[in-house]
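Survey of secondary and tertiary structure
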Amino acid sequence: MSYKYKGLIEEYKSYLPVSEKTPVVSLLEGKTPLIEAKNLASKIGLKNCKLYLKYDGLNPTGSFKDRGMTMAVSKAVEDGAKAIICASTGNTSASAAAYAAKSGLKCYVLIPDGYIAMGKLSQAMMYGACIIAIDGNFDEALEMVLDISKNYPIKLVNSLNPYRIEGQKTASFEIIEDLGDAPDYHFIPVGNAGNITAYFKGFSEWYELKKSTKIPKMMGYEALGAAAIVKGERILKPETIATAIRIGNPASWEKAENARDKSNGTIDCVTDDEIINAYKMIAQNEGIFCEPSSAASVAGLIKANNMGLVQENTIITCTLTGNGLKDPDNAIKYGVSQVHKTKCDINEIVKNMGI
Ligand code: AN7
């Protein structure tokens, strides 16, 4: 019998707060590949560990946000909403705009002017969202949209919307299905802290249902210049090259600490240099192009391994949250190789090939 994939709500509906009446808005998100990364594991110097990358940049709009957005938008339509709104460092706005286009809802996005990657901005523009670029950062934009969604009939689709977390937890289910069990460690970037919250929820729920034998240690990584949870205080002017996680007051702060504590994991931070190094290593050794923020998971793994926090003979997963094509400017700036410009002359070309 043939099996046709219908998106993650259909796939996992018995684990999600949906009913027969929920009008499912789907772009066939989810079911992203879990790719074994042997070259990277050996470059990092992991001892007899199996390393897998959950490449969530292969979702329909190029990031994990689609997992949450299919739920948030389906439930918004079910509730009779006519419009949605979010603050975003880029990926949420691209995803919200796409699902709004699919469902016919109006979409408003607030972004920090000048601090979102070009691919993400181009997506929001093409999907037809109303885009408002403020002279403030993500945290200030989030305060604004919270206020607006309280005073106007517009549904908030940031990860404070619980349906977002519900949709995003399905990534953990997919990992357990692919591995046949939960991993020992799960590494993940932390920005607003919604995704680490969602993964922990997914891993916990299936552990309770005995679909896995353990809950992985949740290993979350902020960028050093935006490391509010690590430092224990709100960062008023967050700064990092990884603009997706340029967030100084994470909305799911306590929930992320809970995930860390209940799983015996850690929340730490990585420098921009460590992020760029991991970003290049992933592409160069595995042929997988993620955006800089996503590489915070692998940068975290490298740091944790160097600190002796990663045990031998274990199974490790890292989420790559967004596609590298989102941010062509940083790829070109930090490219592993450079472009050789030559005349269209065979001798010149061969010389440049270094042969
Ligand atoms: C590629 O789009 O916050 O810790 O507004 O785009 O759940 O916030 C993006 C976050 C990691 C952090 N990797 O996830 C937004 C936004 C990528 C991201 C994160 C984001 P959370």
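Predicted, not measured: the structure shown is a model, and the values here were computed from it.

Attention now goes to the pairing of strand β2 (residues 50-55). Across the 6 residues that make up β2, a large majority, 5, are buried. Relative to β2, strand β1 (residues 34-36) is paired through 3 bridges, and the arrangement is antiparallel. Bridging across to β2, isoleucine 35 finds its partner in leucine 53. Of the strand pairs in this sheet, β2 and strand β10 (residues 315-320) are connected by 6 bridges, and their pairing is parallel.

Each assigned domain of the chain is listed with its residue range as follows: domain 1 (8-62 + 166-334) and domain 2 (65-163). The partner domain 2 presents 35 residues to the 48 residues of domain 1 that form the contact. In total, about 3,200 Å² of surface goes out of reach between domain 1 and domain 2, with carbon and sulfur atoms giving 53% of it. Together, Val25, Thr61 and Lys326 form the three largest contributors to the area buried by domain 1 at its contact with domain 2, with a combined 20%.

Another aspect to go through is unusual backbone geometry. You will see that lysine 31, though not glycine, has its phi angle at about 50 degrees, which is positive. Note on placement: lysine 31 falls in the loop between α1 (8-11) and β1. Judged by relative accessible area, which is 48%, lysine 31 ranks as partly exposed. Of note, asparagine 313 is a non-glycine position whose phi angle comes to about 55 degrees, a positive value. Relative to the assigned elements, asparagine 313 resides in the loop between α13 (296-306) and β10. Residue asparagine 313 is classed as exposed on the basis of its relative accessible area of 56%.

Quick look at the packing of aromatic side chains now. For any pair of aromatic rings, the description consists of the separation of the ring centres together with the inter-plane angle of the planes. Inspection of every chain in the model, using the stated rule, returns 8 aromatic pairs. When the centroid spacing of 6.1 Å and the interplanar angle of 70 degrees are considered together, the rings of tyrosine 12 and tryptophan 206 count as edge-to-face. With tyrosine 12 in the loop between α1 and β1 and tryptophan 206 in helix α9 (residues 194-208), the pair connects residues that are 194 residues apart, well separated along the chain. Take tyrosine 12: its relative accessible area is 3%, and that puts it in the buried class. Exposure remark for tryptophan 206: the relative accessible area of 2% places this residue in the buried category. Centroid distance phenylalanine 187 to tyrosine 221: 6.0 Å. Interplanar angle 15 degrees. Geometry classified as stacked. Of this pair, phenylalanine 187 sits in strand β7 (residues 185-189) while tyrosine 221 is found in strand β8 (residues 217-223), placing the two residues 34 residues apart along the sequence. Across this residue pair, the class does not change: phenylalanine 187 and tyrosine 221 are buried. Following the ring pairs from residue to residue traces out a cluster consisting of Tyr12, Tyr15, Phe173 and Trp206. Of note, arginine 246 hangs over the ring of tyrosine 115, and the distance from its end group to the ring centre comes to 3.6 Å.

Rules behind the numbers
Residues numbered from 1 in each chain as written. Predicted model: local features only at pLDDT ≥ 70, side-chain atom pairs only at ≥ 80, totals over all residues. Heavy atoms only, no water. Buried < 20%, exposed > 50% of the residue type's maximum accessible area, 1.4 Å probe, protein only. Helix = DSSP H or I, 4+ residues; strand = E, 2+ residues; numbered from the N terminus. Pairing = 2+ DSSP bridges. Domains from an automatic or database assignment. Contact = heavy atoms within 4.5 Å. Buried area = accessible area lost by both parts, 1.4 Å probe. Phe/Tyr/Trp six-rings, centres within 6.5 Å; stacked < 30°, edge-to-face > 60°. Lys NZ or Arg CZ within 6 Å of the ring centre and 35° of its normal.

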